[in-house]
Amino acid sequence: MTFDDGLTTAQGILLNQESDSAKHLLAYGLRALRNAAFHDTTRDPVMTMLSIGSEKLLKVSLGLFNVATEHAWPSKDVFTKEYRHDLIKMEGLVHNAIRDNMDRATHRKYVEDLLTAVENDPVWPPLLASLNRYGQSGRFYYLDALAEEPQRAPSPEAFWDEVDNVAVNDPELKALFQRTSQDFGLFDEFNRKLNLVAAGSLKQWWELVAMAGKQGVMGERGKGWGHAQSAIGRQVIGD
């Protein structure tokens, strides 16, 4: 399919490559999170993949919105100087752009329902804040402290603890947590379900962004892009 939106053929290929990078980072990060035994041994791999994957997804989404309105991909300065690694800022821009361009949607309700679900998800704000903290500077938290120049912001662990604190308010999880005090053998089940809540929150947000693309909210090129975000190739032997 050809598009009259200002992008060259080479740019279209590069867009597909960057989009694939985003979705495979997110998919593999979610796989690792869902199967994590302990936070201490998996936090850095999980947060690395999810923070970078989210950043790539957001920057591609913002690029698609710009192509749809300005018929040009944003300059490198926009990404490196204006957006940098600020996931909270970029997510807010994408969120508002989805809402503001809802009239483009082929089936508006599909996008609206997911947008409402994300807005009502109590886990998403602390999860986004956690990934933002890690992506901006938190990944070097211990390295900076080792150099005797400690960061002022709380550690990435503290941010992820807030994700767990909100997730555990789920009645089923809260009851299971209380039972672990009597039967420690239930801890693995509790930890697995706790991770599933966080994974489900990020997956739901990802589905919103992809659905906005599918439904034409990001323009014609975004339609195929949105469908491609749902097509995850084989990542691990045995898949």
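That block above? That's the structure.
The following paragraphs examine the structure supplied in this document. (Residues numbered from 1 in each chain as written. Predicted model: local features only at pLDDT ≥ 70, side-chain atom pairs only at ≥ 80, totals over all residues. Heavy atoms only, no water.)

A short note on empty space enclosed by the protein
- For the structure shown, the criterion picks out 1 cavity of 30 Å³ or more.
- What the largest cavity holds in volume is close to 50 Å³.
- Ranked by residues supplied to the lining of the largest cavity, first place goes to helix H2 (residues 39–70) with 5 residues.
- A breakdown of the residues in the lining of the largest cavity according to their chemical character gives 5 nonpolar, 2 polar and 1 charged. (1 Å grid on protein atoms, 1.4 Å probe; cavity = no way out; pocket = protein on both sides within 12 Å on 5 of 7 lines; lining within 4 Å. Points joined across faces, edges and corners; volume = space filled by probe spheres on them. Helix = DSSP H or I, 4+ residues; strand = E, 2+ residues; numbered from the N terminus. Nonpolar A, V, L, I, M, F, W, Y, C, P; charged D, E, K, R; others polar.)

Section: the layout of surface pockets
- Of the pockets and cavities examined, the largest pocket occupies roughly 420 Å³.
- Taken together, 19 residues line the largest pocket, and the ones lying closest to its centre are Glu18, Lys56, Lys59, Val60 and Trp73.
- The biggest single contributor to the lining of the largest pocket is H2, with 7 residues.
- The residue inventory of the lining of the largest pocket, partitioned by class, reads 8 nonpolar, 6 polar and 5 charged.

So, helix H6 (residues 124–136)
- Spanning 13 residues, H6 covers 18 Å between terminal C-alpha atoms, matching the ideal 18 Å at 1.5 Å per step.
- Taking burial as the measure, the 13 residues of H6 include 11 buried ones, the bulk of the element.
- Those residues of H6 that fall on the buried side of the exposure criterion are Trp124, Pro126, Leu127, Leu128, Ala129, Ser130, Leu131, Asn132, Arg133, Tyr134 and Gly135.
- Buried-residue contacts for H6 involve H2, helix H4 (87–100), helix H5 (108–119), helix H7 (141–146), helix H8 (156–167) and helix H10 (187–214). (Expected span 1.5 Å × (residues − 1). Buried < 20%, exposed > 50% of the residue type's maximum accessible area, 1.4 Å probe, protein only. Contact = heavy atoms within 4.5 Å.)

Quick word on the side chain of Lys23
- With respect to the secondary-structure elements, Lys23 resides in helix H1 (residues 9–34).
- Judged by its relative accessible area of 6%, Lys23 is buried.
- A polar atom in the side chain of Lys23 sits 2.6 Å from the backbone oxygen of Ala231. (Polar contact = N/O pair within 3.5 Å; in protein donor to acceptor, adjacent residues only side chain to side chain.)

Details of the nonpolar core
- Formed by 58 residues in total, the largest nonpolar core has its most connected members in Leu50, Leu57, Ile98, Val111, Leu202 and Trp205.
- A total of 11 residues in this core trace back to one element, the largest contributor, which is H10.
- Each residue touching Ile98, except ones within four places of it in the same chain, is listed here: Phe65, Val111, Leu208, Ala212 and Val217. (Core = buried A, V, L, I, M, F, W, Y, C linked by side-chain atoms within 4.5 Å.)

Structural notes on the packing of H1 against helix H11 (residues 220–229)
- Contact geometry for H1 and H11: axes closest at 10 Å, N-to-C directions at 30°. Relative to H11, the element H1 lies roughly parallel. The hand of the H1/H11 crossing is right-handed. Residues Gly12, Leu15, Ser19 and Lys23 of H1 form the contact with H11, whose participating residues are Arg221, Trp225, Ala228 and Gln229.
- Here the contact of H1 with H11 is composed, by residue class, of 3 nonpolar, 3 polar and 2 charged. (Axes fitted to C-alpha atoms, helices over the stretch in contact; angles between N-to-C directions. Parallel < 35°, antiparallel > 145°, perpendicular 65-115°, else oblique. Left-handed = near helix turned anticlockwise from the far one by under 90°.)

A few points about the packing of H1 against H2
- Running from N to C, H1 and H2 cross one another at 145°; their axes reach a closest spacing of 8 Å. Seen from above, H1 lies across H2 with left-handed handedness. Packed against H1, whose contacting residues are Leu15, Glu18, Ser19, Ser21, Ala22, Leu25, Leu26, Tyr28, Gly29, Leu30, Ala32 and Leu33, the element H2 presents Val46, Met49, Leu50, Ile52, Gly53, Ser54, Lys56, Leu57, Val60 and Leu64 at the interface.
- Across the contact of H1 with H2, the residue classes tally to 15 nonpolar, 5 polar and 2 charged.

Topic: a nonpolar patch on the surface
- Nonpolar side chains collect at one region of the surface, where Phe140, Leu143 and Leu146 lie side by side and expose about 340 Å² of accessible area between them.
- Inspection of the secondary structure puts Leu143 in helix H7. (Patch = residues over 30% accessible without salt bridge, like charges linked within 9 Å, V, L, I, M, F, W, Y side chains within 5 Å. Areas by Shrake-Rupley, 256 points an atom, 1.4 Å probe, with all protein chains shown as cover. Salt bridge = Lys/Arg side-chain N within 4 Å of Asp/Glu carboxyl O.)

Quick word on the pattern of salt bridges
- Using the criterion set out here, one finds 15 salt bridges in the structure.
- For the salt bridge of Lys193 with Glu189, the shortest nitrogen-to-oxygen distance reads 3.2 Å. In this pair, Lys193 and Glu189 both sit in helix H10, 4 residues apart, roughly one turn of the helix.
- The exposure class assigned to Lys193 is partly exposed, which follows from its relative accessible area of 22%.
- Between Glu207 and Lys203 there is a salt bridge, with the nearest N and O atoms lying 3.0 Å from each other.

A look at the packing of aromatic side chains
- By the definition in use, this model includes 7 aromatic pairs.
- Each ring, one from Trp124 and one from Trp205, has its centre 4.9 Å from the other, and the planes form 20°; the classification is stacked. Taken together, the residues span a long stretch of sequence, with Trp124 in helix H6 and Trp205 in helix H10 at a distance of 81 residues.
- You can call Trp205 buried: its relative accessible area is 2%.
- Summarising the aromatic geometry, the rings of Tyr141 and Tyr142 are spaced 5.3 Å apart at their centres and angled 90° between planes, so their arrangement reads as edge-to-face.
- Owing to a relative accessible area of 21%, Tyr141 belongs among the partly exposed residues under this scheme. (Phe/Tyr/Trp six-rings, centres within 6.5 Å; stacked < 30°, edge-to-face > 60°.)

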